[in-house]
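So you can see what is in the structure, the chains are spelled out below.
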Amino acid sequence: MNTDEHRWELNRITEKIIGCAFTVSNTLGCGFLEKVYENALVHELRKAGLRVHPQYPIKVYYDGIVVGEFAADLLVEQLVLVELKAIRTMTEKDRAQCLNYIKATNLPLCLLINFGNPKVEIKRIAGNI
């Protein structure tokens, strides 16, 4: 896949994810725990025909050994990481979390989605695309 095709595919996937996030937000509103939004978003993404891996395991390597393990909320189509929040205000720490996911996985993109306000907030955080 060449660079233009890769970008087109990423844009196609992220548009679907964002559309599904708006559907979840418009249906549930704000005030639920993050896990509720995660479950609803997984359902919507699968209805949209996307492959979704919830709680995607990530290992962090240092000097050739595993020094940490954690999970990203979602991996969509093996290309786009999704980190979900249900908080009033996102901070630089939330953005840094996404950058660390990108660094640890070598994936090109992470969407940071916050359901903590009446209007869903979405940040697109890119690595080296």
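Here, every reference points to the structure presented above.
Residues numbered from 1 in each chain as written. Predicted model: local features only at pLDDT ≥ 70, side-chain atom pairs only at ≥ 80, totals over all residues. Heavy atoms only, no water.

K.L.:
Even after reading the chapter, I still don't get the state of the cysteines, so can you show me in this structure?
P.N.:
Every disulfide links exactly two cysteines, by a covalent bond between their sulfur atoms. Scanning the model with the defined rule gives zero disulfides in all. With no disulfide of its own, Cys 98 lies 3.2 Å from the sulfur of Cys 110, the closest cysteine sulfur. The exposure class of Cys 110 is buried, given its relative accessible area of 0%. (Disulfide = S-S within 2.5 Å. Buried < 20%, exposed > 50% of the residue type's maximum accessible area, 1.4 Å probe, protein only.)

K.L.:
Before we go on, may I ask you to explain the pairing of strand E1 (residues 52-62) in this structure?
P.N.:
Put simply, side chains in a regular strand alternate between the two faces of the sheet. Here E1 runs beside strand E2 (residues 65-76); their pairing, made up of 10 bridges, is antiparallel. Bridging across to E2, Val 52 finds its partner in Val 76. Taking the residues that link successive antiparallel strands as the turn, the E1-E2 hairpin has two residues, and the phi of Asp 63 there is positive, at about 55°. (Pairing = 2+ DSSP bridges. Helix = DSSP H or I, 4+ residues; strand = E, 2+ residues; numbered from the N terminus.)

K.L.:
Help me understand unusual backbone geometry, please; the structure alone is not making it clear to me.
P.N.:
Most peptide bonds take the trans configuration, and most residues that are not glycine carry a negative phi. Here Glu 77, not a glycine, exhibits a phi torsion of approximately 55°, which is positive. Looking at where Glu 77 falls in the secondary structure, it is placed in the loop between E2 and strand E3 (80-85). The backbone of Asn 106 sits at a positive phi, close to 60°, despite the residue not being glycine. Position of Asn 106 relative to the elements: it lies in the loop between helix H3 (92-105) and strand E4 (109-114).

K.L.:
Would you take a moment to explain helix H2 (residues 34-47) for this structure?
P.N.:
Along an α-helix, a turn takes 3.6 residues, which lines up residues three or four apart on a common side. With 14 residues, H2 ought to run about 20 Å at 1.5 Å a step, and its terminal C-alpha atoms sit 20 Å apart, in line with that. When H2 is considered as a whole, its buried residues turn out to be Tyr 37, Glu 38, Leu 41, Val 42, Glu 44 and Leu 45. Angular distribution of buried residues about the axis of H2 spans 170°; they occupy a single face of the element. (Expected span 1.5 Å × (residues − 1). Arc of directions from axis to C-beta.)

K.L.:
In this structure, what is going on with the pairing of strand E5 (residues 121-126)? I would like to understand it.
P.N.:
Alignment of E4 against E5, held across six bridges, turns out to be antiparallel. Residue Leu 111 lies in a different strand from E5, and its bridge partner there is Arg 124.

K.L.:
I'm lost on the environment of Asn 106 in this one. Help?
P.N.:
On the accessibility criterion, Asn 106 (69% relative accessible area) is exposed. C-alpha separation for the pair Asn 106 and Gly 116, spaced 10 residues apart in sequence, amounts to 28 Å.

K.L.:
Any chance you could explain the environment of Ala 40 here in plain terms?
P.N.:
Checked against the element boundaries, Ala 40 lands in helix H2. Its relative accessible area of 21% is what places Ala 40 among the partly exposed residues. It is 9.7 Å that separates the C-alpha atoms of Ala 40 and Thr 27, two residues lying 13 residues apart in sequence. Residue contacts for Ala 40: discarding those within four places in its chain leaves Val 24 and Leu 28. (Contact = heavy atoms within 4.5 Å.)

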